[in-house]
Amino acid sequence: MTNWHGDQYTHNCEFVDELDGLTFPDWEVTGRFYAALHLVQQTPLDEFGIAPRNHAQRADWTDRCARTKPIAGAYIDLRTLSNHVRYEVPHDQVSDERVAEAMILFTQIQTHLAAE
């Protein structure tokens, strides 16, 4: 993946790897979401030459593109989880289960898209 979104994906993965997940679990979840976002964002560009401009458009295109359709549910779930830990719970109350769930969802997306 040699493109701007690929570089951002790598940058966000490096950010998450450097985090202390015990101190910043909200940012661990959010960093994984944004890494996944850049993997997903590249797909409609590659397939249709279209760049979704917001989360709603991206979710729609994720379900339309052949490459992302199999992981569309995982992407939406990771986006929802990221919103939850940022806006609905105090950062020091983000559970280990939520962090683990984010890792599982991210791995599904990463395994499907990053290898291509």
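That block above? That's the structure.
A short tour of the structure in this document, coming up. No experiment lies behind these values; they were computed from the predicted model shown. (Residues numbered from 1 in each chain as written. Predicted model: local features only at pLDDT ≥ 70, side-chain atom pairs only at ≥ 80, totals over all residues. Heavy atoms only, no water.)

1. Digging into the packing of helix 2 (residues 25–48) against helix 5 (residues 96–113)
Between helix 2 and helix 5, whose axes approach to 10 Å, the crossing angle comes to 20°. Between helix 2 and helix 5, the crossing angle belongs to the class labelled roughly parallel. At the point where helix 2 passes helix 5, the crossing takes the left-handed sense. Across the interface between the two elements, Pro25, Glu28, Val29, Arg32, Ala35, Ala36, Leu39, Val40 and Thr43 of helix 2 pack against Arg98, Val99, Ala102, Met103, Phe106, Ile109, Gln110 and Leu113 of helix 5. Broken down by class, the residue content of the contact of helix 2 with helix 5 amounts to 12 nonpolar, 2 polar and 3 charged. (Axes fitted to C-alpha atoms, helices over the stretch in contact; angles between N-to-C directions. Helix = DSSP H or I, 4+ residues; strand = E, 2+ residues; numbered from the N terminus. Parallel < 35°, antiparallel > 145°, perpendicular 65-115°, else oblique. Left-handed = near helix turned anticlockwise from the far one by under 90°. Contact = heavy atoms within 4.5 Å. Nonpolar A, V, L, I, M, F, W, Y, C, P; charged D, E, K, R; others polar.)

2. Thoughts on the nonpolar core
Residues Leu78, Phe106 and Ile109 are the most contacted members of the largest nonpolar core, which totals 22 residues. Mapped onto this core, the elements with two or more residues apiece are helix 1 (4–18), helix 2, helix 4 (72–87) and helix 5. In terms of residue count, helix 2 provides more of this core than any other element does, 7 residues in total. Ignoring anything within four residues of it in the chain, the contact list for Leu78 reads Arg32, Phe33, Ala36, Ala102, Leu105, Phe106 and Ile109. (Core = buried A, V, L, I, M, F, W, Y, C linked by side-chain atoms within 4.5 Å. Buried < 20%, exposed > 50% of the residue type's maximum accessible area, 1.4 Å probe, protein only.)

3. Re helix 3 (residues 55–64)
Taken together, the buried positions of helix 3 are Arg58, Ala59, Trp61 and Thr62. Angular distribution of buried residues about the axis of helix 3 spans 170°; they occupy a single face of the element. Residues of helix 3 that are buried make contact with helix 2 and helix 4. The N-cap residue of helix 3 is Asn54: its side-chain oxygen and the backbone nitrogen of Ala56 are 3.1 Å apart. (Arc of directions from axis to C-beta. Polar contact = N/O pair within 3.5 Å; in protein donor to acceptor, adjacent residues only side chain to side chain.)

4. A look at the packing of aromatic side chains
The tally for this structure, following the rule as stated, stands at 4 aromatic pairs. Ring geometry for Phe15 versus Trp27: centroids 6.5 Å apart, planes at 85°, classification edge-to-face. Remark: Trp27 occurs in helix 2 and Phe15 occurs in helix 1; sequence separation between them is 12 residues. Every member of this aromatic cluster is reached through a ring pair, and the members are Phe33, Tyr34 and Tyr75. The positively charged end of Arg64 is found above the aromatic ring belonging to Trp61, 4.5 Å away from the centroid. (Phe/Tyr/Trp six-rings, centres within 6.5 Å; stacked < 30°, edge-to-face > 60°. Lys NZ or Arg CZ within 6 Å of the ring centre and 35° of its normal.)

5. Notes on helix 1
It helps to recall that an α-helix has 3.6 residues per turn; residues three or four apart then point in one direction. Over its 15 residues, helix 1 extends 21 Å from the first C-alpha to the last, a length consistent with the 21 Å expected when each residue adds 1.5 Å. What helix 1 keeps buried is the set His5, Gly6, Tyr9, Asn12, Cys13 and Val16. Angularly, the buried residues of helix 1 cover 125° about the axis, an arc narrow enough to put them on a single face. Seen from the open side of helix 1, the exposed residues pointing more than 90 degrees away from its buried face are Trp4 and Glu18. Where helix 1 is buried, its residues touch helix 2 and helix 5. Its side-chain oxygen 3.0 Å from the backbone nitrogen of His5, Asn3 forms the N-cap of helix 1. (Expected span 1.5 Å × (residues − 1).)

No statement about biological role is implied by the geometric values presented.
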